[in-house]
Amino acid sequence: MQLSGWWRQAALALAVSAVAVAGGARWLAGPPGVLVHVRWSESVATATRQQLEARFQLRDGEPLDRFTWRYNLVDPSIENVRALIEAPAVADTHHIERSTAAIEQSAIRTRRQQRFAHGDALILAADWFALVAVACAVSLLVLGASGRASSLVAMPRILAQRLRAVRAGAFMNAESPTAAREHPGRPGLWSTVALVACAPFIIILCRTLWHTPFPITEMVAVLEDVAEKPVAQFFDPHRAYYRPFSRVLYSVIWNAGGTVDSRLMAIRLLTIGPAVLLTVLFVQSLRPRTALEGVTAAFAVTVLTGSAGFLENLEIGMSDTMVIMAITIFTWILLNRHGGRWQTLLLAACVVTAVGFKEQGLALVPLVVGAWWTGAPGANRRLVIATAAFTVAYLTVRWIGSGTWAPFEQDVGLGFTEIDKTAAAERFGAFPYWMYLYSSTSTIANVLFAEPSRGIFRTVQAMSEGRIEPWQIIQVGSSLALTSAIAWWGLGCLRAAARHGWTQESRTLVAFVLVLSATGALSFNYSRERLGGVATVFYAITSFFAMRAVVSSAANAPRRRVTVMGVGVMLLATAWQIRSISTLEYARLHSWGNQREWFVRLPQRRLDYAHRPVYIDVMESMLEQGIDPAAPRPTRFPRWAARVIGPRR
Amino acid sequence: MIVHMRRLGGCEVLVLLLALPIVMTGVGLSALEVWRIQSPNAPLFTTPRSLSLADAIQSGDVLQTYELLRAGHNPQQPIAVRHPILTGGQVVMVQPLLWAVALESNQVVPLLLTFDGPVEPALAAQAACLAERIGNDDAAQLLRLHASISTPCAKESGVAVLINESTRPD
């Protein structure tokens, strides 16, 4: 590669320094430790054992029985391991290949403490530096290739010009959304404004999730699964919960080596990353061009983040639906732009990936078909045929494997009560289809009206018993009002489509109806808010168009009507803002609950799972993050504020 | 405001009213988070600190109990407790684990069982008997498993007596 132009040299220097710093930090910090079991000979006295522990750098010893101890082997070099297994005082070891003195792949890695106590912190800092350096290098290459590298120098002048232009045209086309769509406007600028408006929420959410302990109840079992089982087993169609891609990804992360902290960090990023990506892609899909659209896009992001379908999928480490939601919005962007064969292949890959993560990904199938039917530029016949063929094959395989499934996989809600899955099977097992229809409808109704939740009409029940809380009124009221606005806009859209053919707006409406129906159908077995996640994305997109139509309708309205509409719009926006704050508090509540479970359930689990050594090892290795006092806790708002923001449960 | 409405036009007014809660929430959340980072122990962000381990156990607050233990309270060391029924209003010295079992603070029991290493089997057995006596089956089962005991407990009467006196297995 010939280097010409300062930006190429700078990019190369950044790339080299990224590799050098990341590699150098690892060399400096030494390898990570590893959890091993050592069985000492019966004749070894305590003092001798302690001397040997110090010699072989075996730390944090924990007795498993009279002679066997679990240790953090800080120095896993072959020389040290060989000396350990050859020591006469050592009767046996676990997690060590005795023939080669190598550590087993399945052994759990611990912190890097061989050379100094905070080796991991050094590597983390080095990795962040490398990441930023690589990002800068890529940016330089992109800017340089497009002939804009010199614009970096001229950045202040360009910004000043932009600001002047913004002041002149902020409300350009605000009173005519159709004209706004046709006019190029300033999509980059108003997308940025919308993202900046949502940035505090996103940053706080990321910070909260970053410190949230993993749940002991499900996560340990999932990691035990991926630590023990070969990857092929995750593709077995006989499993009721079929998430092969998700489990393969966990398996790759967990079995790739590295410390427990680094592996948990990677899994944590699988929740945080898709949530951030979803928000950014969501705004990108709306492409706001004016002040009206910029503000409405920020409102739509609030609808997305304030919905139960978003918050229920924030469970750390269990974010398969959040991944699908990000894939869904990416798919929608691709469907609405012209593209060639590669785009068709990418769209097909999106569908397969979404389904592979969780069955809710099947909601993308009607999305693709609906986009093609309504003339979306990115959808073509080949894509529809390929998607249909994949769906038929997938459903056939799953149907063959469904012989052993119970009629109800989880407890189901009905009316004002929840029915245990066994009782539900006894009651509805002979003909469960009415119950399936009820659960499907409940999920759809929850997306539209925030009620029922888990199939139970909690707000109606609270109202009938005279104990309704303000937060319940806000949630149901804001959903009712917004859904009414969407219905009003939708009817207008359909009328316009009948007269002038499909537009992006009417296509979005069709997509919403299809995805909502599919989401409902896929939750036939039991209704949960999180199952409505994919439909929530389209609910938020349609809220953008609906609110834009509502605000635009005030363009030439009399002053009194504008005043009434203004109050209504502000109340609705305030209610959804409160719901987004509620999402943050829910995330904190969840963190607090997860930590509590570590304290409460740990002893029982140690006893119950004593016969599963991998489970115990994984659990013990996660203990530190489970009881970390820095875990987020709910804000202790004054009572009136707490009643407005509300607990979810 | 009316003057502005005349000048701005309906659409702009609605945009501003729509933007207002978004901006206010953004500013409010940012301010709250900065405060949380700067003063994590402010009353808004932490539960009111219990004065004693006995209080924390009595309120069933697992995290508070944990923090007191981390601060240096010994979970094996007897604490002074008083309860109108359980101790007849008298101050009694009792092991934290027994106090948690007596109050049926079942979420605190597992924490006290394992904090800083496993609790002595004799104490776990004593607590298991107490739990059995007051009908706290969940705690009794956990404690029995923990202490690896299968023998029945001695017959006693009255909860206050159970706390004050030893209830070792037969």
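On a predicted model such as this, the values are computed, not experimentally measured, just so you know.

A. Looking closely at the overall build of chain A. Looking only at helices and strands, chain A features 25 helices and 8 strands. Since a compact globule built from 649 residues should have a radius of gyration of about 26 Å, the 28 Å found for chain A is in line with a globular shape. Seen through its principal axes, chain A has C-alpha atoms that stretch 95 × 75 × 55 Å. Residues counted as buried form 51% of the 649 residues belonging to chain A. Look at the contacts in chain A between residues 6 or more apart in sequence, and 75% of them connect residues 24 or more apart.

B. Layout of the interface of chain B and chain A. On the side of chain A, 50 residues touch chain B, which itself brings 41 residues to the contact. Taken over both partners, the interface formed by chain B and chain A buries close to 4200 Å², and the fraction arising from carbon and sulfur atoms is 72%. For chain B, the biggest contributors to the area lost against chain A are L14, L18 and L63 of chain B; these three give 17% of the whole. Viewed at the interface, chain A and chain B are joined by 3 salt bridges. In this structure, the salt-bridge partner of E33 of chain B is R207 of chain A, at a minimum N-O distance of 2.7 Å. Applying the counting criterion to the chain B and chain A interface returns 8 residue pairs in polar contact (both at pLDDT 80 or more). Of all the elements in the fold, those that place two or more residues in the side of chain B that touches chain A are α1 (2-8), α2 (10-38), α4 (62-70), α6 (108-114) and α8 (137-147) of chain B.

C. Representation of the pairing of strand β3 (residues 68-73) of chain A within the structure. All names here are of chain A. Of all 6 residues in β3, 6 are buried, a share of seventy percent or more. With burial as the criterion, each face of β3 is covered, one bearing T68, R70 and N72 and the other bearing W69, Y71 and L73. Pairing analysis gives 6 bridges linking strand β1 (residues 34-40) to β3, with the strands arranged antiparallel. When the bridges of β3 are listed, R39 appears paired with T68. Of the pairings in the sheet, the one linking strand β2 (residues 58-63) to β3 comprises 4 bridges and is antiparallel in character.

D. Inspection of helix α2 (residues 46-55) of chain A at higher detail. Residue and element names in this part refer to chain A. Among all positions in α2, only R49, L52 and E53 are buried. In a view along the axis of α2, the buried residues occupy a sector of 105 degrees, so they form one face of it. α2 presents Q51, A54 and R55 as exposed residues on the side facing more than 90 degrees away from its buried surface. Positioned one or two residues after α2, Q57 has a phi angle of 60 degrees, which is positive.

E. Representation of the confidence of the model for chain B within the structure. Residues and elements named next belong to chain B. Per-residue pLDDT for chain B averages 78, and the proportion of residues at 70 or more is 82%. At the level of individual helices and strands, chain B shows its lowest average pLDDT in helix α9 (residues 159-164), which scores 46, and its highest in α2, which scores 90. Segment residues 1-6: pLDDT under 50, and 6 contacts once partners within four positions in sequence are set aside and those in other chains are kept. Contacts for the low-pLDDT stretch residues 157-170, under 50 throughout, to residues beyond four places or in other chains number 39 contacts. Quick note on the complex model: pTM equals 0.75, ipTM equals 0.71.

F. Examining the nonpolar core more closely. With 133 residues, the main nonpolar core has W254 and F299 of chain A as its most contacted residues. Look past the residues within four positions of W254 of chain A in its chain and what remains in contact with it is I108, L223, V226, A227, V260, R263, L264, I267, V618 and S621 of chain A. Core analysis: the second largest hydrophobic core is formed by 43 residues, A54, L98, A124 and A147 of chain B among them.

G. Representation of the packing of helix α15 (residues 364-373) of chain A against helix α21 (residues 504-522) of chain A. All names here are of chain A. In contact at an axis separation of 9 Å, α15 and α21 are set at 155 degrees when each is read in the N-to-C sense. Viewed along their axes, α15 and α21 adopt a mutual orientation that is roughly antiparallel. Crossing handedness for the pair α15 and α21: right-handed. Where α15 approaches α21, its residues P366, L367, G370 and W373 are matched on the opposing element by V510, A511, L514, V515 and A518. Its residues assigned to classes, the contact of α15 with α21 shows 8 nonpolar, 1 polar and no charged.

How each quantity is defined
- Residues numbered from 1 in each chain as written.
- Chains lettered and ligands numbered in written order.
- Predicted model: local features only at pLDDT ≥ 70, side-chain atom pairs only at ≥ 80, totals over all residues.
- Heavy atoms only, no water.
- Helix = DSSP H or I, 4+ residues; strand = E, 2+ residues; numbered from the N terminus.
- Rg over C-alpha atoms; globule rule 2.2 N^0.38 Å.
- Buried < 20%, exposed > 50% of the residue type's maximum accessible area, 1.4 Å probe, protein only.
- Contact = heavy atoms within 4.5 Å.
- Buried area = accessible area lost by both parts, 1.4 Å probe.
- Salt bridge = Lys/Arg side-chain N within 4 Å of Asp/Glu carboxyl O.
- Polar contact = N/O pair within 3.5 Å; in protein donor to acceptor, adjacent residues only side chain to side chain.
- Pairing = 2+ DSSP bridges.
- Arc of directions from axis to C-beta.
- pLDDT = per-residue confidence, 0-100.
- Core = buried A, V, L, I, M, F, W, Y, C linked by side-chain atoms within 4.5 Å.
- Axes fitted to C-alpha atoms, helices over the stretch in contact; angles between N-to-C directions.
- Parallel < 35°, antiparallel > 145°, perpendicular 65-115°, else oblique.
- Left-handed = near helix turned anticlockwise from the far one by under 90°.
- Nonpolar A, V, L, I, M, F, W, Y, C, P; charged D, E, K, R; others polar.

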